[in-house]
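What the coordinates show
One letter stands for each residue in the lines below.
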Amino acid sequence: MATQSIAFHDRVDRALDNRSLQTALGRATDRFVTNRANALALVDDFDDLRARGRAIRASALAQLDDVLVRLSERIEARGGQVFWAADGNAARRYIVDLARTRAVRTIVKSKSMASEEIHLNDALEAAAFTVVETDLGEYIIQLAGETPSHIIAPCIHKTREEISTLFQDHLGMPATDDIPTMTRTARGALRQQFLQADMGISGVNFGVADAGAVVVVENEGNARLTTTAPRIHVAVMGIERVCERLEDLGVLLQLLARSATGQKLSVYTSILSGPRRADEPDGPDEFHLILLDNGRSQIIGGDYAEALLCIRCGACLNACPVYQSIGGHAYGGVYSGPIGAILTPLLQPELRDVHKLPQASSLCGACQSACPVKIAIPDMLLRLRADAVAAGRTDAIERIAMAGWSQAMRSPTLYRVGGKLASLGTRLLAREGRIGWLPPPLDQWTHQRDFPPFAPRSFTELWAERQRRAAGDGR
Amino acid sequence: MSDAREAMLGRIRQGLARNREFLAHEALAAPHAPPPFVHPEHDADLADLFATELRKLAAHAHLCADHDAARATLRDILGAAGVHLALTWALPALAFPGLDDDLAAIGVERRDVAIAPTAAERAAELRALEPAAACISGVDALIAESATIVVLGGAGRPRLASLLAPLYIAIARRDQVVRGLGQAIAQLQQRAAPDLFAERSSLTFITGPSRTADIEMTLALGVHGPRDVHVIIYG
Ligand code: SF4
């Protein structure tokens, strides 16, 4: 389903009309938020940990050139290969060529946002390789022919009945909606793929420069199998996902697990440094690290460099009232939620309507307070909106309205009259204190959200009265 | 290829020319050192704390007075699960005397892992290992406050021996328990200085049974990795 080709407002509409999506999102984000809060409450000083995490990430980014050189040299010294991919095209070509020259047939994948970002699966499938997503949620999404809707829980939008039908159709599972049975069915099917796969492709949570290692964090064990069973391991890493030292993980892993799922640590953290050594009994014989730029080197010199501190925990999604209502697909890109509204226009500018994503926020600030590296998300969203206006990427109606506003602001009389009319008009339309419908073209607003009626008396009037009363009090 | 590298580094340097100051300033805003542990310290015995935390994850902790008690516990776990084939670390790496005899006595075949590099041999070997009902490893540390098992790779230490089978048993000595992650990392680096990865390609942290909540946020255990995790602590 090519969500990207549908206009942003229609994607939002669809999401808001989808009752089961709303229920699933509500349930899931509530659970994430509660688990996170419980986990944080146990920590002595979580804010101190956040401050350290932010400093560690900022430090690695401040020396990104040097850090990447160190990381790549260490990995090469251990017998690994490093490919510097300027964009998705270069990365896809390298991996497809590698699979061809190594006579690969089956490829298993563990979750990787970076490879979603560059549509790696499409390229591999076009080259006739069998590609199997092995994270349970990603596998379900792949069987359904969809795209993930949440960083941590990719199939958050699907019900157990839908998943059961998929497994019956694709895996020959007898009819049941028992979750353990469904999980076992998927395990059995995927095990066979792991045993025969020639290549495993994983994402990377952190590259550790001085250790010459990449870190892969997960709960299921599919990433461990992906990076252990096949003879070739390819790790795809966005160039910003780095830290300098192994000790840094003592901060970053704790922040990531607690913020993402409320766990103290995720079930499996694999720290992998090149191919297996000569006397190691298992592990891949080849190790390839793809350093993916794809626009990141532009971001680091721009106004939104701070967004690169992100450790992809998903806490800002769960905290966001807009995400809770519309889900990940409505954002259209790989990265959804508040951080996605910033990253998608920067990393996937070719997508339709990306400049509208920063509008999908109430600027309530919940994302920034949840963020383990304290990214100033609302501030950046505001600036992105201003950029879109400056670049003329706004709707005609918005431009006319803003021109009117600007006129009114310059003329006190016009402003007062306009305010009076709006106050009267909105009170006439309000039902139980909310307005669910405004006349065109203002219905663009009320189509997806209520509008509060204007206060019966303006601030100017109240202020004038207050001044009068103060004067009347004498003295 | 080195062209691509130089071009990317050039772009990064150009970007940093503008923002390096901001990032460097943020980098100085707080210390970087990891805290040795993150929960408030209370004086519970570390092995007890580990056991309490592990049980919260629906895994099993066995605190044994000595080596003999640990052997008996291991036999009980394998017997109760009806295990016939077990993958383990190589015996010298495990350093748990009596294991071979105990397994033989209860009819469990022990397998070392040795994956050959060619595609066909690799697949055949994996197929031969897959039916194993249990895997057994030693540990390099246990982290008490998160109930985490720390295992380094290396000679005689297959990664699959903590991964492939539905039942996983880790054997540890009491003096291997530390309180927090920060401490564990510092200790590992000290022990394997100057280069932790000189002779191994992996360091793995394992915290409880394999799990997923991908279907309707309902917890299911053992999706790809072991469902039943037992940690035997002795000494
Ligand atoms: S922006 Fe912050 S909260 Fe959101 S995913 Fe990134 S690190 Fe997590």
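Computed from a predicted model, the values in this text were never measured in an experiment.

Observations regarding the overall build of chain B
- When helices and strands are counted, chain B shows seven helices and twelve strands.
- Dimensions along the principal axes, computed over C-alpha positions, put chain B at roughly 70 × 55 × 45 Å.
- When the 235 residues of chain B are sorted by exposure, 55% land in the buried category.
- Pairs at least 24 residues apart make up 75% of the contacts formed inside chain B by residues separated by at least 6 positions.
- When the accessible surface of chain B is totalled, it reaches about 9500 Å², and 54% of it is carbon and sulfur.
- Looking at charge distribution, chain B has the averaged site of its 22 positive side-chain charges lying 5 Å from that of its 28 negative ones.

A word on the pairing of strand S9 (residues 202-206) of chain B
- For S9(B), the buried fraction is high: five of the five residues fall into the buried class.
- Burial along S9(B) is two-sided: Ser202(B), Thr204(B) and Ile206(B) and Leu203(B) and Phe205(B), pointing in opposite directions, are all buried.
- In this sheet, S9(B) lies alongside strand S9 (residues 268-272) of chain A in antiparallel orientation, the contact comprising five bridges. Bridged to Ser270(A) within S9(B) is Thr204(B).
- One ladder, built from four bridges, connects strand S6 (residues 148-152) of chain B with S9(B); its direction is antiparallel. Counted as the bridge partner of Val150(B) is Phe205(B) from S9(B).

Notes on helix H16 (residues 337-347) of chain A
Residues and elements named next belong to chain A.
- Burial of H16 is extensive: ten of the eleven residues sit out of reach of the surface.
- Looking only at H16, the buried set comprises Gly337, Pro338, Ile339, Gly340, Ala341, Ile342, Leu343, Thr344, Pro345 and Leu347.
- Buried residues along H16 sit in contact with helix H6 (113-117), helix H13 (296-299), helix H14 (315-319), helix H15 (321-326), helix H17 (366-370) and helix H18 (377-390).

Brief notes about the pattern of salt bridges
- Within the structure shown, the criterion is met by 37 salt bridges over all chains.
- Between Glu53(B) and Lys264(A) there is a salt bridge, with its nearest N and O atoms 2.7 Å apart. Taken together, the residues Glu53(B) in helix H2 (residues 46-56) and Lys264(A) in the loop between helix H12 (249-261) and S9 connect one chain to another. As far as the burial class goes, Glu53(B) and Lys264(A) line up, both buried.
- Taken together, the salt bridges that share partners define one network made up of Asp66(A), Arg70(A), Asp210(A) and Glu244(A).

Re the interface of chain A and chain B
- Every contact between the two is made by 110 residues of chain A and, on the other side, 87 residues of chain B.
- Both sides of the chain A and chain B interface together cover about 8400 Å² of buried area, and 58% of this is carbon and sulfur.
- Considering only the surface of chain A that becomes buried against chain B, Trp84(A), Leu195(A) and Arg224(A) emerge as the three largest contributors, covering 9% of it.
- Summed over the shared surface of chain A and chain B, the result is ten salt bridges.
- A salt bridge links Arg54(A) to Glu26(B); its shortest N-O distance comes to 2.7 Å.
- For the pair chain A and chain B, the number of links is 52 residue pairs in polar contact (both at pLDDT 80 or more).

Regarding the side chain of Ser110(A)
- Mapped onto the elements, Ser110(A) comes out in the loop between strand S2 (106-109) and H6.
- In this structure, Ser110(A) is in contact with Glu133(A), Thr134(A), Ile201(A), Ser202(A), Gly203(A), Asn222(A), Ala223(A) and Thr226(A), ignoring residues within four places of it in sequence.

Things to note about the domain arrangement of chain B
- Assigned domains of chain B: these are domain 1 (1-32) and domain 2 (44-234).
- One C-alpha centre belongs to domain 1 of chain B, the other to domain 2 of chain B, and the line joining them spans 40 Å.

A word on the packing of helix H8 (residues 136-144) of chain A against helix H9 (residues 160-171) of chain A
Residue and element names in this part refer to chain A.
- Relative to each other, H8 and H9 sit at 70°, their axes nearing to 10 Å. Accordingly, the angle class assigned to the pair H8 and H9 is roughly perpendicular. In terms of crossing hand, the pair formed by H8 and H9 is left-handed. On H9, the residues that touch Leu136, Tyr139, Ile140, Leu143 and Ala144 of H8 are Ile163, Leu166, Phe167, His170 and Leu171.
- Split into classes, the residues belonging to the contact of H8 with H9 amount to nine nonpolar, one polar and no charged.

Some points on the site of the ligand
- Inspection of the region around the ligand gives Cys310(A), Ile311(A), Arg312(A), Cys313(A), Gly314(A), Ala315(A), Cys316(A), Ile339(A), Cys371(A), Pro372(A), Ile375(A) and Ile377(A) as its neighbouring residues.
- When the residues that make up the shell around the ligand are grouped by side-chain class, the tally is ten nonpolar, one polar and one charged.

Comments concerning the nonpolar core
- Grouped together as the largest cluster of nonpolar side chains are 116 residues, with contacts concentrated most on Leu249(A) and Leu289(A).
- Apart from residues no more than four positions distant in its own chain, Leu249(A) is found in contact with Phe206(A), Val208(A), Val215(A), Cys243(A), Gln254(A), Ile271(A), Leu181(B) and Ile185(B).
- Phe96(B), Leu99(B), Leu129(B) and Tyr234(B) belong to the second-largest nonpolar core, a separate cluster that totals 80 residues.

Notes on the environment of Cys155(A)
Residues and elements named next belong to chain A.
- You can see Cys155 is positioned in the loop between H8 and H9.
- The buried category is assigned to Cys155, whose relative accessible area is 1%.
- Here the alpha-carbon distance between Cys155 and Leu16, two residues 139 residues apart in the chain, equals 17 Å.

What about a negative patch on the surface?
Residues and elements named next belong to chain A.
- A grouping of Glu161, Glu162, Asp177 and Asp178 is seen on the molecular surface, where their side chains present a negatively charged patch.
- Along the chain, the position of Asp178 falls in the loop between H9 and helix H10 (179-196).
- For Asp178, a relative accessible area of 34% translates into the label partly exposed.

Topic: the confidence of the model for chain B
- Summing up the model confidence of chain B, the mean pLDDT is 95 and the portion of residues at 70 or higher is 100%.
- Both scores are given for the predicted complex: the pTM is 0.88, the ipTM 0.98.

As for the sheet that holds S2(A)
Residue and element names in this part refer to chain A.
- Spatial strand order, S1-S10-S7-S4-S2-S3: six strands in an open sheet with parallel pairing. Two strands in the sheet have a free side with no partner beyond their single neighbour: strand S1 (81-85) and strand S3 (130-133). Within this sheet the neighbouring strands show an average axis-to-axis angle of 20°, counted without direction.
- Sheet analysis places S1 next to strand S10 (residues 286-292), joined by five bridges and oriented parallel. Within the sheet, the bridge partner assigned to Trp84 lies in S10 and is Leu291.
- In the packing of helix H5 (residues 88-101) onto the sheet, the strands contacted are S1, strand S4 (199-203), strand S7 (232-238) and S10, and the crossing angle to S10 comes to about 165°.
- Across the sheet, H10 is in contact with S2 and S3; its angle to S2 comes to roughly 120°.

So, helix H1 (residues 2-27) of chain B
- Taking 1.5 Å as the rise per residue, H1(B) with 26 residues should run 38 Å; its terminal C-alpha atoms sit only 30 Å apart, a clear shortfall.
- Helix geometry: H1(B) is bent most strongly at Asn19(B), by close to 65°.
- Every buried residue belonging to H1(B) is among Arg5(B), Met8(B), Leu9(B), Ile12(B), Gly15(B), Leu16(B), Asn19(B), Leu23(B), Glu26(B) and Ala27(B), and all of these are buried.
- In the core, the buried residues of H1(B) are packed alongside helix H3 (46-62), helix H4 (64-77), S1, S10 and H13 of chain A.

What counts as what
Residues numbered from 1 in each chain as written. Chains lettered and ligands numbered in written order. Predicted model: local features only at pLDDT ≥ 70, side-chain atom pairs only at ≥ 80, totals over all residues. Heavy atoms only, no water. Helix = DSSP H or I, 4+ residues; strand = E, 2+ residues; numbered from the N terminus. Buried < 20%, exposed > 50% of the residue type's maximum accessible area, 1.4 Å probe, protein only. Contact = heavy atoms within 4.5 Å. Areas by Shrake-Rupley, 256 points an atom, 1.4 Å probe, with all protein chains shown as cover. Lys, Arg positive; Asp, Glu negative; His and termini not counted. Charge placed at Lys NZ, Arg CZ, Asp CG, Glu CD. Pairing = 2+ DSSP bridges. Salt bridge = Lys/Arg side-chain N within 4 Å of Asp/Glu carboxyl O. Buried area = accessible area lost by both parts, 1.4 Å probe. Polar contact = N/O pair within 3.5 Å; in protein donor to acceptor, adjacent residues only side chain to side chain. Domains from an automatic or database assignment. Axes fitted to C-alpha atoms, helices over the stretch in contact; angles between N-to-C directions. Parallel < 35°, antiparallel > 145°, perpendicular 65-115°, else oblique. Left-handed = near helix turned anticlockwise from the far one by under 90°. Nonpolar A, V, L, I, M, F, W, Y, C, P; charged D, E, K, R; others polar. Near = heavy atom within 4 Å. Core = buried A, V, L, I, M, F, W, Y, C linked by side-chain atoms within 4.5 Å. Patch = residues over 30% accessible without salt bridge, like charges linked within 9 Å, V, L, I, M, F, W, Y side chains within 5 Å. pLDDT = per-residue confidence, 0-100. Expected span 1.5 Å × (residues − 1). Bend = angle between axes of the 7 residues up to and from the residue.

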